[in-house]
Amino acid sequence: MDIDRLREDLEDYFGTAMFTASPIAMADYVAVAMADEEELIENRFLCCGDAMLFSAETGVGKSSFIAQLCFKFAAGRQCFGLQPAKPLKSLIIQAENNERDLWEEACGIEQGLIQHEQGWTYQEFCRADAAVTYVTYSDTNGMKFVEYLDELLVSVDVKPDLLVIDPLFAFAGCDVSAEQGKLSAFLRNGLQPLIRKHRVGCIIVHHTAKPSKEITVRNVNFNEAYNYAGSAELANWVRGILSLESVYTSDDTSDKKKRIFCLKSGKRGFRIQQDFMVWLKWAEDCIFWLPAEPPQINKQAQSNHKTETAKATAQRIATDVLAYLVKVGTASKKQVVASLCHESGYSRQGVLDALVFLQSCNIVIASVENQITSYSINASRMDEIENTIN
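Everything numeric here is computed off the predicted structure, so don't read it as measured data.

Criteria and thresholds
Residues numbered from 1 in each chain as written. Predicted model: local features only at pLDDT ≥ 70, side-chain atom pairs only at ≥ 80, totals over all residues. Heavy atoms only, no water. Helix = DSSP H or I, 4+ residues; strand = E, 2+ residues; numbered from the N terminus. Contact = heavy atoms within 4.5 Å. Pairing = 2+ DSSP bridges. Axes fitted to C-alpha atoms, helices over the stretch in contact; angles between N-to-C directions. Disulfide = S-S within 2.5 Å. Buried < 20%, exposed > 50% of the residue type's maximum accessible area, 1.4 Å probe, protein only. Parallel < 35°, antiparallel > 145°, perpendicular 65-115°, else oblique. Nonpolar A, V, L, I, M, F, W, Y, C, P; charged D, E, K, R; others polar. Salt bridge = Lys/Arg side-chain N within 4 Å of Asp/Glu carboxyl O. Polar contact = N/O pair within 3.5 Å; in protein donor to acceptor, adjacent residues only side chain to side chain.

Caption draft 1: Geometry of the environment of M382. Tracing the chain through its elements places M382 in helix α14 (residues 382–389). C-alpha of M382 to C-alpha of I363: the two residues are 19 residues apart in sequence and 8.5 Å apart in space. What M382 contacts, discounting residues up to four positions off in sequence, is V326 and I377.

Caption draft 2: Structural context of the sheet that holds strand β3 (residues 51–56). On the basis of which strands lie adjacent, the open sheet formed by nine strands has the order β5-β4-β6-β7-β3-β8-β9-β10-β11 and mixed pairing. The open sheet is flanked by β5 (132–136) and β11 (289–291), the only strands paired with a single partner. Strand after strand, the sheet turns through a mean of 25° between neighbouring axes, direction not considered. Of the pairings in the sheet, the one linking strand β9 (residues 259–267) to strand β10 (residues 277–282) comprises four bridges and is antiparallel in character. What sits directly across from K264, in β10, is M277. Against the sheet, helix α6 (residues 122–131) engages β4 (90–94) and β5, with an angle of about 35° to β5.

Caption draft 3: Spatial organisation of the state of the cysteines. Throughout the structure, instances matching the rule amount to zero disulfides. Looking at C48, it has no disulfide partner, and the nearest cysteine sulfur is the one in C47, 7.3 Å off. You can call C48 buried: its relative accessible area is 12%.

Caption draft 4: The packing of helix α7 (residues 142–155) against helix α9 (residues 180–197), seen in detail. The N-to-C vectors of α7 and α9 enclose an angle of 5°; their axes lie 10 Å apart at closest approach. It follows that α7 is roughly parallel to α9 by the angle criterion. Residue-level inspection shows G142, M143, F145, V146, L149, D150 and L153 of α7 in contact with α9, the latter providing A185, F186, N189, G190, L191, L194 and K197. For the contact of α7 with α9, the residue count by class is nine nonpolar, three polar and two charged.

Caption draft 5: Structural view of the pattern of salt bridges. Counted under the stated rule, the structure contains 10 salt bridges. For K197, the salt bridge goes to D150, with nearest N and O atoms at 3.1 Å. In this pair, K197 sits in helix α9 while D150 sits in helix α7, placing the two residues 47 residues apart along the sequence. Residue K197 is classed as exposed on the basis of its relative accessible area of 55%.

Caption draft 6: Just unusual backbone geometry, in detail. Residues D166 and P167 are joined by a peptide bond in cis, for which omega reads -5°. Of note in the backbone geometry, F80 takes a positive phi value of approximately 55° without being a glycine. With respect to the element layout, F80 can be found in the loop between α4 (62–74) and β4.

Caption draft 7: Representation of the side chain of E233 in the model. With respect to the helices and strands, E233 occurs in helix α10 (residues 233–237). You can call E233 buried: its relative accessible area is 6%. Of the polar contacts made by the side chain of E233, one reaches the side chain of R188; its length is 2.5 Å. Not counting residues within four places of it along the chain, the set of residues in contact with E233 comprises Q180, L183, S184, L187 and R188.

Here's what the structure looks like:
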């Protein structure tokens, strides 16, 4: 766009005094005049040619969540705090649900909209039905899957605005945790050129990592940017991230029906709203997501629990460091960190802190040779250590 020409046109229409007195006003009018036709979710949270990640744990209803989102987007309606920039057509390619599952989801969503929301017309239902296309596919993955998508996006009857891939595990064609190079190639050299070529926004549905504990109102803690299984390359590549975390409303986690869900954004969430957080629950009468009241969180109890959890984690890391050194005898700092981070999933800083702690207790001895620090067990305390790790 020719900004100088635009300025002249605006000055002719509004008068030069406005822009001379207030440079901000000029910027505002330019922003309006340059409305982004590629915008799919308002405030440019998602645009054509970009991708976002949606992650949730197994069994919470990721597919029904996505189906409800796409159905309401098809009518141009806000859903889960997200506002489509226009009515959106969606192509959902999925590998896990059979035909009956998909039919039940669709019926549940329509029943939920009729029973729990107001103002839906028969014409809106018809338009939404026509605007959401499902394809079940599991024949190829990796770059072969990208080639299939390229052909599908040309031949599909309804040209989509949104492409949903559900789930990533079924189509990436690599170990998303260990093979970062292959994952990068799939995302950056495969999917990225594809969605830019076809001018669609992409939503990738993914599983969270296996939870280490059940989250209750007492110990709510989120790390939304990396709340999924796999390499950090996912967070780096996608433009936006949404994560759905289940929270039990009491410390009794035996009944999975006694929980609500928190939708948060670990990346670009500020474009939706400051401190974006939406509380949801399952409907009791159909497959449908409903708004939920946020839980009352005891801040002091939450703080105490975080402290207890941090201590327990530090103790577990220290014990595993000892077990590793007992097994190998002597190891360099690099070897200890690499082994514990790769095999046990601990952070580098957590392992280093454990080594410092064990040295302070005179349990581990450090020696430096040729600027390389190595660690070994204090032989005088070997019996005590073996009792600890056994």
